[in-house]
Amino acid sequence: MMPWRRHRRSSPRFDARAQADAWQLCSLLLDYPREDLPRHLAALREVAGNLPPSAGEPLSRFLEHAEAVGLPELQRDYVDTFDVTRKCALHLTYFLHGDTRNRGVALVQFKQLYRQHGVELDDADAELPDYLPVVLEFGATVAPGTGWKVLNDHRVGIELLRRALDRRGSPWLDVVAALRATLPDLDGDDEQALARLIAQGPPQETVGIDDAPYAMDPDLDGLRTPPADGCAPPGSTPHAPQSLGPTIPVGAPR
Amino acid sequence: MSDITSARLDGPLSDALVGTRRFFTRGRVSDDRRTLSLEGGRSGDSFYRDRWSHDKVVRSTHGVNCTGSCSWKVYVKDGIITWEAQQTDYPSTGADKPEYEPRGCPRGAAFSWYTYSPTRVRYPYVRGTLLEMFRAARQQYGDPVLAWASIVQDEEKARAYKAARGKGGLVRASWEDVVDLVAAAHVYTVKRFGPDRIAGFSPIPAMSPVSYASGARFHELIGAPMLSFYDWYADLPNASPQMFGDQTDVPESGDWWDAGYLIMWGSNVPLTRTPDAHWMVEARYRGQKVIAVAPDYADNVKFADEWVASAPGTDGALAMGMGHVVMREFFVDRQVDFFTDYNQRFTDLPYLVTLDDAGDGSFRPGKFLVAGDLEGHPEAGSENAMWKPAVLDGATGEVAIPNGSIGHRFGEEGEGRWNLDLGDIRPVLSLYGDTGEAVEVALPRFDNLEGSQVLERRGVPVRRVGDRLVTTVLDLMLAQYGVGRDGLPGAWPSGYDDPSAPATPAWAAEITGVPVEQIIRIGREWAQNAIDTQGRGMILMGAGINHWYHSDQIYRALLVLTSITGCQGRNGGGWAHYVGQEKVRPIMGFQHLAFALDWVRPPRHMNQTSYWYVHTSQYRYDTFDADAVNGATGAFTGRSTMDLLAQAVRLGWVPSYPQFDRSSLQVADEAAEAGMAAGEYVASRLKDGTLRFAVEDPEHPDNYPRILSLWRSNLLGSSAKGNEYFLKHLLGTDHAVKATQAAPEHRPQDVAWPEQAGEGKLDLLLTLDFRMTSSTLFSDVVLPAATWYEKHDINTTDMHPFIHSFNPAIAPPWQAKSDWEAWKAIARRFSQLAVDHLGTRKDVVTKPLWHDTPEAMATVHGRVQDWRTGEVEPVPGRTMPVVAEVERDYTTVYDKMTSIGPLLEKVGMLTKGVKYEVGREVDILRRRNGTVRGGIADGQPRIETDIQVADAIMHLSGVSNGHLATQGFRFLEKRTGTQLHDLSAEHEGKQITFADTQAAPVPVITSPEWSGSESGGRRYAPFTINIERSKPFHTLTGRQHFYLDHDWVQGMGESLPTYRPPLNMTTLFGEDPVGQQSDHDGAVAVAVRYLTPHSKWSIHSEYQDNLFMLSLSRGGQTIWMSDVDAAKIGVRDNDWIEAVNRNGVVACRAIVSHRMPEGTVFMHHAQDRLIDVPLTETDNKRGGIHNSLTRILLKPSHIVGGYAQFSYFFNYIGPIGSNRDEVTVIRRRTAPVTY
């Protein structure tokens, strides 16, 4: 999968203050709900109320939800959503680089990016540099321009996260919706382009892999005869022989 | 991360919000800014440039279950692990061999993924329900111990959090809070129920002994048992103690190169021994012949010269067929000096066995004739005379007592005589032609569908000794194998082509499906190769033949081939079993530190199979008596396996914890009150029945295990045979058990049977891991562990002779801690809480009769006598367990854990019967590690850091400290009277330190801890010291044993190697017979043999969740089945299927392949239920793991103890959690797949 390059040079949709507020609020709310969160809900709601409605409304909705269910429930839900599944990972390079060796290097690049802007990622209980709340905080408090670029580069990851949360019916969908409201709208063929990237999946090592994804030779399906007792596999029309793709020629000079 | 309370949200709101920065600190800007990210242009170049711009390369390796023990380079840039590559600096094997370097496999190369994986355990977790209750109670009571008590004593509260196990709802918590809760739970449990109600489980210490030792040391210091792993994994071959008196001593892979003939038997080397497989391939260029025995067209088959496709579970018959050929052609038709000489000295073939008159004209093979049986013989009145078996001396024609038996191993008279020198004795192997007299013996065969005993009468030549009739072990072996000789009475097969009787090639061919000609050819070639190469024939044995209920019999039949042909104890020869344990080369230092033997002895060691058989209530589902499952020999008629276990416990054969029906601390108090010594008190109260073993009433809440800690382990995603019974009885949560409990006639007589079995017995399940597994999801508390690239430790294996190290490439990220640091934190808090609640207590420890000690001479002739029935008096250490009283100062557990205790200097160290004085070594450690000042450990060496522990382990072991190796050999020399110390002399001054292992892998030193010699740069092969230096095996005769004469073993018809088919699950449990098709809720289903081999894409559950491996394999759970079986049930490749039996349900995809034989399916081992496992069609709950379809079945011969090589030691002997005999019904899934 490639980074999303379409919106790198677009301009922010919110003014600087609103964007910083929205990002920092998203950063707080996408992080683990801490013990002191309930005490600050009122203040946070006020910040959300001052944001443009496209971000402020979903954030307010989430804050109401947080208040309604209470902290213990929210924490349990958070762990079940973000800590024990891959689909809702909050680490951006995970979406972009999947499980290739590039991921380590990508993490290093994040770290160096922060350093270029004069900040170090705190080492105590450190989060990874590509953790979405970290990136959002960087954009909110250190370098809005670079944050904008990074978030747009990782738009595919954000969209995947949105889809995963949507499928779960998760309350955090609102927070991601608010984040998306600060980013460029997807219009025209953007959605198709995104879908294409998503369909590609994360990059994979391709050496030695031929067309057929599995070890089983589909040609053999056609050769299999149904058993004599008549319990033929339902709907089993034999596959037509198909190309097995390029194979390594035996004995060919190298 | 700072707390958001520091954010002042009361000012201008948005300013304040921006002030809530948690992640960043102002930092230095690099002057050159040279890693600026590039945009456009040749940006792709940056990857390649950056790839080699790492900051450092750190040596580390992969721990726990990976047996490869490959050293790796971990590349780190800017504090981020970027990738790993194989190390290439293994010491050379010499000029005439291939090298070990490089080693590694795709699994290892994918490991760094775990560091930043989305499912990494990053924070401490507690189940929300439990944490809320604990916090509330802590507030209410002000004391964490009382808080814990208030929860677990309240039935409703306890049920609430137990039933939530496995259903999510974890929340993050601080280390401080979690450690408080865990420590409080331990203190409460020690106080209320006793320390023996707590248990720890961590497997395979060889691959990270420091991490193993962390929790183990804590457990043993508080008096909690450590659970074994080797027998539990069913990897432990009981044939090894039975035959060799030693557990799994095998050659390094470099020694495969030395073999002239190599059989891979149930061991798929390229797949499961990837870094070592090259030796097998290379040796072929040297002219080695390679055979692969496997039921399927396995990966290793294509490397072999011949494929022997034997049916699953019939390998014993195959080996017997070959053995028949070997004995016929090389022992009867002609004799070969090489074999005769070897067997006279190194096996029990010439030993005399008494024959007992069965009263029907036939005789039964009885007990070994021993010196004490021989009236008037000069040795009859000698020390330990009942422990000195006899041979017939061909030189004098008289019965003689060779040196080297267990009777010479202990006591004064044996000094200098425990050796294999025969002196002038010329033992005769056979009595054929001695007196001309012969009788018929009745020998059991089990080769029928039920596996039931049928007796076969065959003649053996005999001699009369006093009023006894005796024959030799070889004569019995020939009869057992159906190798006839002229003039002997009885029914004999007519030739190789007679399939009617064991163990002709034709008979084996019918059972195994292997052609007769192939059996004859390989048998013949095997023996001829042994003659031509002086014993360089090797069999690599794998889990494929080892995980069966009767695997000990399969192994014995194979080991007959290696031992009888003189291949054992040779470079390039003998057995090579590579399943599970893996050699902790520095075993002595490891054992003493891991089990805290420097502070308190004896330890509590528990065999895990019987632990779970009892505590997950699986014994209640044995719907048959012990006789029915063991061949209907009549030995155990009307007795359940649980009865046998209870007897083995009370006779001191096997460990059993919890010990008694009350706290072990309370028993100590009671003894003190009664003014009696602990042993005396326990014996008298057991006798009058006022004290009972806990195993006799396991469903009583006082006898439940209360706390289980797992680290480096994924019990519930991997090894838990009978996984669903764990969920039901141990954890008290949702499960898929459908089995019925035993009807009254099958229930145990000596064990209480309340109508309701316990559910949710466990109060606390704690797991330390770096990744989310089934075990973490079912745990009440999860602690984030450091990965293998984040801590210091050491690593050794069977496969190569080097010690090398783990080193942290980065500090543990997020809130992870190394196991050593985590357990230290728990120990510290435990010690603090103990001040108010525990103080110093006396603890009565029961321990079984140990191997390699005089306790192994408890049962003369292996005759079982029970104090419960009044046959003998209960005498601790003789007719019942050893009873020891120890003192535990619970307030100093932390101080003891982090220092080396005084017992090493006071009492010395002891390993495999060899004693060491280590005053000098401890002094060196004082200087190297520094000493503790003040407190209980004043003046003792520190072991506060993981490096200090690693150094201490190596310094206190002969393999890594030449001084100790030499000292041990000198000690042995006094007993054997032969020269040994020169074996390590070349390295006497060598001490391997942790720093050495950081620099490069270091070869170990020849040491009495192991049986092979590496002197002069030899490849390691086991028993070479025994064979070359006449050092006895640790068995009854001191020789390798073909014949076993314990009552139970004889009663089961297993005195000699015999073929026993897989268990018949139809008879035992009413499962469909293999091959039967049935209608299953409207779908066609077929019953198949269900095998769970090791996988190419994972190491147990490890790597199975790694997306690299998932994309190399099919991803998610799969079952391999043959195209024929698939067609029967209308399944095409990649269809969803369900496998169901009485134990549970598996829902996964089918891989249809002609590689598989009809009637057999593979579900690769330990495919965790976290990865792509849907809800089942059967019960609409999440599908299970491979062990959801299995369950524990205890084989009685594995719990025999107190008799020579049949004596307990941790991971040495024990009942195995076998899992290969199972069958299941498979059908195509019709309902839509949902998660």
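What you see is a predicted model; the values in this text were computed from it and never measured. (Residues numbered from 1 in each chain as written. Chains lettered and ligands numbered in written order. Predicted model: local features only at pLDDT ≥ 70, side-chain atom pairs only at ≥ 80, totals over all residues. Heavy atoms only, no water.)

Colleague: Give me the overall build of chain B: which residues, what numbers.
Modeller: What chain B contains, in helices and strands, is 40 helices and 39 strands. In terms of C-alpha radius of gyration, chain B reaches 30 Å, essentially the compact-globule figure of 33 Å for 1235 residues. Projected onto the principal axes, the alpha-carbon positions of chain B cover approximately 110 × 75 × 65 Å. By residue count, 70% of the 1235 residues in chain B fall in the buried class. (Helix = DSSP H or I, 4+ residues; strand = E, 2+ residues; numbered from the N terminus. Rg over C-alpha atoms; globule rule 2.2 N^0.38 Å. Buried < 20%, exposed > 50% of the residue type's maximum accessible area, 1.4 Å probe, protein only.)

Colleague: Go over the overall build of chain A, please, and point to the residues and values.
Modeller: A count of helices and strands for chain A gives 12 helices and one strand. Moving toward the C terminus, one meets the helices and strands of chain A in the order α-α-α-α-α-α-β-α-α-α-α-α-α. Sorting the 254 residues of chain A into buried and exposed places 55% on the buried side. Taking all contacts inside chain A whose residues are at least 6 apart in sequence as the whole, residues at least 24 apart take part in 73%. By element, 52% of the accessible surface of chain A is carried by carbon and sulfur atoms, the whole surface being about 11600 Å². (Contact = heavy atoms within 4.5 Å. Areas by Shrake-Rupley, 256 points an atom, 1.4 Å probe, with all protein chains shown as cover.)

Colleague: Report on the side chain of B:Asp373, specifying residues and quantitative values.
Modeller: Residues and elements named next belong to chain B. Within the element layout of this structure, Asp-373 appears in the loop between strand E13 (363-368) and strand E14 (391-392). What makes Asp-373 buried here is its relative accessible area of 12%. Among the polar contacts made by the side chain of Asp-373, one reaches the side chain of His-861 at a distance of 3.2 Å. Beyond its immediate chain neighbours, meaning those up to four positions away, Asp-373 contacts Phe-368, Met-386, Arg-468 and His-861. (Polar contact = N/O pair within 3.5 Å; in protein donor to acceptor, adjacent residues only side chain to side chain.)

Colleague: So what's going on with the sheet that holds strand E26 (residues 793-795) of chain B? Which residues, and what values?
Modeller: All names here are of chain B. An order of E26-E27-E32 is seen for the three strands of this open sheet, with the pairing classed as antiparallel. Looking along the sheet, the strands with just one partner apiece sit at the ends: E26 and strand E32 (1002-1003). Here E26 pairs with strand E27 (residues 802-806) via three bridges, running antiparallel. If you follow Asn-795 over to E27, its bridge partner there is His-804. (Pairing = 2+ DSSP bridges.)

Colleague: I'd like a rundown of unusual backbone geometry, residues and numbers included.
Modeller: All names here are of chain B. Following Glu-101, the chain continues to Pro-102 via a peptide bond in cis, the omega torsion being -10 degrees. Its place among the elements puts Pro-102 in the loop between strand E4 (80-86) and helix H3 (106-109). A cis amide bond links Arg-601 to the next residue, Pro-602, at an omega of 0 degrees. Looking at where Pro-602 falls in the secondary structure, it is placed in the loop between helix H20 (587-594) and strand E22 (605-606).

Colleague: Please set out the pattern of salt bridges residue by residue, giving values where relevant.
Modeller: Residue and element names in this part refer to chain B. In total, this model carries 98 salt bridges over all chains according to the counting rule given. A salt bridge links Asp-434 to Arg-463, with the shortest nitrogen-to-oxygen separation between them at 2.8 Å. Taken as a pair, Asp-434 in the loop between helix H14 (406-409) and strand E16 (438-445) and Arg-463 in strand E18 (residues 463-465) lie far apart in primary sequence, 29 residues in all. Judged by relative accessible area, Asp-434 falls into the partly exposed class, the value being 33%. (Salt bridge = Lys/Arg side-chain N within 4 Å of Asp/Glu carboxyl O.)

Colleague: Let's hear about helix H4 (residues 71-83) of chain A: which residues, and what values?
Modeller: With 13 residues, H4(A) should reach 18 Å at 1.5 Å per residue; the first-to-last C-alpha distance of 17 Å fits that figure. All of the buried residues along H4(A) are A:Leu71, A:Leu74, A:Gln75, A:Arg76, A:Tyr78, A:Val79, A:Thr81, A:Phe82 and A:Asp83. (Expected span 1.5 Å × (residues − 1).)

Colleague: Please set out helix H2 (residues 37-49) of chain A residue by residue, giving values where relevant.
Modeller: Structural remark: α-helix, 3.6 residues per turn; residues separated by three or four positions point the same way. Residues and elements named next belong to chain A. Along its 13 residues, H2 runs 17 Å from first to last C-alpha, staying within 8% of the 18 Å computed at 1.5 Å per residue. Helix geometry: H2 is bent most strongly at Ala-43, by close to 35 degrees. All buried positions along H2 are accounted for by Leu-37, His-40, Leu-41, Ala-43, Leu-44, Val-47 and Ala-48. (Bend = angle between axes of the 7 residues up to and from the residue.)

Colleague: Pulling in residues and values, what's your account of the packing of aromatic side chains?
Modeller: Residue and element names in this part refer to chain B. The tally for this structure, following the rule as stated, stands at 59 aromatic pairs over all chains. With centroids separated by 5.0 Å and ring planes inclined at 65 degrees, the aromatic side chains of Tyr-100 and Trp-279 adopt a geometry described as edge-to-face. One end of the pair, Tyr-100, is in the loop between E4 and H3; the other, Trp-279, is in helix H11 (residues 277-285), and 179 residues separate them in sequence. Overall, the relative accessible area of 0% leaves Trp-279 in the buried class. By the ring-pair criterion, three or more aromatic residues cluster together here, those being Phe-111, Trp-113, Tyr-114, Phe-770, Trp-788, Tyr-789 and Tyr-1103. (Phe/Tyr/Trp six-rings, centres within 6.5 Å; stacked < 30°, edge-to-face > 60°.)

Colleague: Just give me the short version of the side chain of B:Asn238, but keep the residues and values in it.
Modeller: Residue position: B:Asn238 is located in the loop between strand E8 (226-227) and helix H9 (239-244). Excluding its chain neighbours within four sequence positions, the residues that come into contact with B:Asn238 are B:Asp552, B:His1198, B:Ile1213, B:Gly1214 and B:Ile1216.

Colleague: With reference to specific residues and values, describe the nonpolar core.
Modeller: All names here are of chain B. If you look at the biggest cluster of nonpolar residues, it comprises 405 residues, and the most contacted ones within it are Trp-148, Trp-265 and Phe-830. No other element matches helix H7 (residues 175-192), which puts 11 residues into this core. When residues no more than four places from it in sequence are discounted, the contact partners of Trp-265 are Val-293, Asp-315, Leu-318, Ala-319, Met-322, Ile-539, Leu-540, Met-541, Gly-542, Ile-545, Leu-558 and Leu-561. Counting residues in each nonpolar core, the second largest holds 18 residues, with Ile-1137, Ala-1139, Val-1146 and Cys-1148 among its members. (Core = buried A, V, L, I, M, F, W, Y, C linked by side-chain atoms within 4.5 Å.)

Colleague: Before we move on, could you go through the state of the cysteines and cite the residues and values that matter?
Modeller: Under the definition given, this model contains zero disulfides over all chains. You can see B:Cys105 has no disulfide; the closest cysteine sulfur is in B:Cys66, sitting 5.9 Å from it. (Disulfide = S-S within 2.5 Å.)

Colleague: Tell me about the packing of helix H12 (residues 315-332) of chain B against helix H17 (residues 516-533) of chain B, residues and numbers included.
Modeller: All names here are of chain B. Between H12 and H17, the shortest axis-to-axis distance is 8 Å and the interhelical angle comes to 55 degrees. Judged by the inter-axis angle, H12 sits oblique to H17. Seen along the crossing, H12 lies across H17 with a hand that is right-handed. In contact with Leu-318, Gly-321, Met-322, Val-325, Val-326, Glu-329 and Phe-330 of H12, H17 contributes Ile-519, Ile-520, Ile-522, Gly-523, Arg-524, Ala-527, Gln-528 and Ile-531. Classifying every residue of the contact of H12 with H17 gives 10 nonpolar, three polar and two charged. (Axes fitted to C-alpha atoms, helices over the stretch in contact; angles between N-to-C directions. Parallel < 35°, antiparallel > 145°, perpendicular 65-115°, else oblique. Left-handed = near helix turned anticlockwise from the far one by under 90°. Nonpolar A, V, L, I, M, F, W, Y, C, P; charged D, E, K, R; others polar.)

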